[in-house]
Amino acid sequence: MSIDIVGVTKQFKTFTALDNVSLQINSGELVALLGPSGSGKTTLLRIIAGLDWPDQGEVRFDGEDALSRSVRERNVGFVFQHYALFRHLTVFENVAFGLRVRRGPAKLPEASIRARVNELLSLVQIDWLSDRYPAQLSGGQRQRVALARALAISPKVLLLDEPFGALDAKVRKELRRWLRHLHEEMPVTSVLVTHDQEEALEVSDRIVVMGRGKIEQVGAPVDVYQNPATAFVHDFIGETVRLPGEARGGSLFLKGQPLGLDAQGVGDGPAQILARPHEVELAPPENAPFAGKVLALRVFGPNRRADVEIASDQGMMVVEASVPLDRDISVGARVGLLPHRYRVFAATA
Ligand SMILES: Nc1ncnc2c1ncn2[C@@H]1O[C@H](COP(=O)(O)OP(=O)(O)OP(=O)(O)O)[C@@H](O)[C@H]1O
């Protein structure tokens, strides 16, 4: 089932939560809506689900209007951060619930319900817990039950709102790998809301980065990480080092001096030169566009990080650079900074 969102706008009184948002989600795709708190992710998910309606715009499932259909008619499965399971029902009965409440011709015979539930429980790897009650499960196991329950009705669309948000980092990591694997086995069109960029990068086919009710960028995880379309996306999707400069005629300058760095496609004026810490190397000060004093050094995973104070047009600023462990360098040393990869945006972007 493909999902088309066309020009969707949603206001809460005078506040615009979604501002003319358009997005196409392909059938069988797993898309992550990624953005800071309040950027409109959940509002968009609720509109896709049929729990809320836009003031303007269209939502189409397989090309057909979905806004005139109720939640039930849309055939969507949900998993939320705290999607309460039925406490008085076993794991098996929780998963069977959506099938048991069906009436009329859609109702399956008991043997088919049992077969379907058993199949799902083994898919989410909790078949050995089928007789337990929710209170006897860990948080991660509960979310697996919630997912099996959402999948039981064979949804055309699966909507996940921070499904692993309440779990600890290790379980989160394990579950998102497993979600990816599950999606490969059962490719239902899925939309995952998260504010965790690592989760979005690892799990999804495409990432939709949202900021203040608008879509900033849509792309494959590697594209969004390596070629962020805006300074906002650069900042949000990974660690960002900011370097000072001004664009003029496609080149960059600092205090009127050429930096030897390119600013193609960026209008003249104050610029933001953005890089990832690992893209900024230490170099001899006389050969580097930026030079300054090392203020601090600290261990950072398999490397070290140096805080280097450099001059900008607005006074001094501190830049973080990655330093190999075997590099002989000490606090107070004068070093050069050479960004071997960087992206340039107008300062107001
Ligand atoms: N029912 C409502 N009434 C008024 N304002 C609302 C309502 N629902 C959401 N908003 C506002 O709309 C904006 C977008 O909210 P939304 O929940 O979509 O953000 P989000 O990106 O999912 O954030 P989070 O990651 O914190 O869940 C927020 O500023 C929120 O306060």
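Conventions used here
Residues numbered from 1 in each chain as written. Predicted model: local features only at pLDDT ≥ 70, side-chain atom pairs only at ≥ 80, totals over all residues. UniProt positions renumbered as here; feature names shortened; annotations may be inferred. Helix = DSSP H or I, 4+ residues; strand = E, 2+ residues; numbered from the N terminus. Buried ≥ 20, exposed ≤ 12 C-beta atoms within 10 Å, placed from the backbone. Near = placed C-beta within 6 Å. Nonpolar A, V, L, I, M, F, W, Y, C, P; charged D, E, K, R; others polar. Pairing = 2+ DSSP bridges. Contact = placed C-beta atoms within 7 Å. Core = buried A, V, L, I, M, F, W, Y, C linked by C-beta atoms within 7 Å. Domains from an automatic or database assignment.

- Going by an unreviewed UniProt entry, the chain carries the name Sulfate transport system ATP-binding protein and comes from Xanthobacter agilis.
- Note on the chain: under the UniProt heading Sequence similarities (unreviewed entry), the record states "Belongs to the ABC transporter superfamily."

### Some points on the overall build of the chain
- Helix and strand content of the chain: nine helices and 21 strands.
- Considering only C-alpha atoms, the chain reaches an extent of 80 × 45 × 35 Å along its principal axes.
- Scored against the burial criterion, the 349 residues of the chain give a buried share of 38%.

### A short note on the site of the ligand
- All residues adjacent to the ligand are F12, F15, A17, G35, S37, G38, S39, G40, K41, T42, T43 and H195.
- Every element with two or more residues in the shell around the ligand is listed here: β2 (15–25) and α1 (41–49).
- Of the residues forming the shell around the ligand, the biggest block, three residues, is contributed by α1.
- Its residues placed into classes, the shell around the ligand shows three nonpolar, eight polar and one charged.

### Side note on the sheet that holds strand β4 (residues 56–61)
- With antiparallel pairing, the four strands of this open sheet are ordered in space as β2-β1-β4-β5. At either margin of the open sheet sits one strand with a lone partner, and together these are β2 and β5 (64–65).

### A look at the environment of F253
- Residue placement: F253 occurs in strand β13 (residues 251–254).
- With 40 residues separating them along the chain, F253 and G213 place their C-alpha atoms 34 Å apart.
- Those residues in contact with F253 that lie beyond four places of it in its chain are G245, E246, R248, P258 and L259.

### Points about the nonpolar core
- V95, V208 and L337 are the most contacted members of the largest nonpolar core, which totals 94 residues.
- When residues of this core are assigned to their parent elements, the largest contribution, seven residues, is made by helix α5 (residues 139–152).
- Residues lining this core come from more than one domain, with at least three contributed by each of domain 1 (3–236) and domain 2 (242–346).
- Filtering out sequence-adjacent residues up to four positions away, V95 remains in contact with V117, L120, L121, V145, A148, R149 and A152.

### A short note on the domain arrangement of the chain
- The domains assigned to the chain are domain 1 (3–236) and domain 2 (242–346).
- Computed from C-alpha atoms alone, the centre-to-centre distance between domain 1 and domain 2 is 41 Å.
- In this assembly, four residues from domain 1 lie in contact with four residues from domain 2.
- Of the residues contributing to the side of domain 1 that touches domain 2, the split by class is two nonpolar, two polar and no charged.

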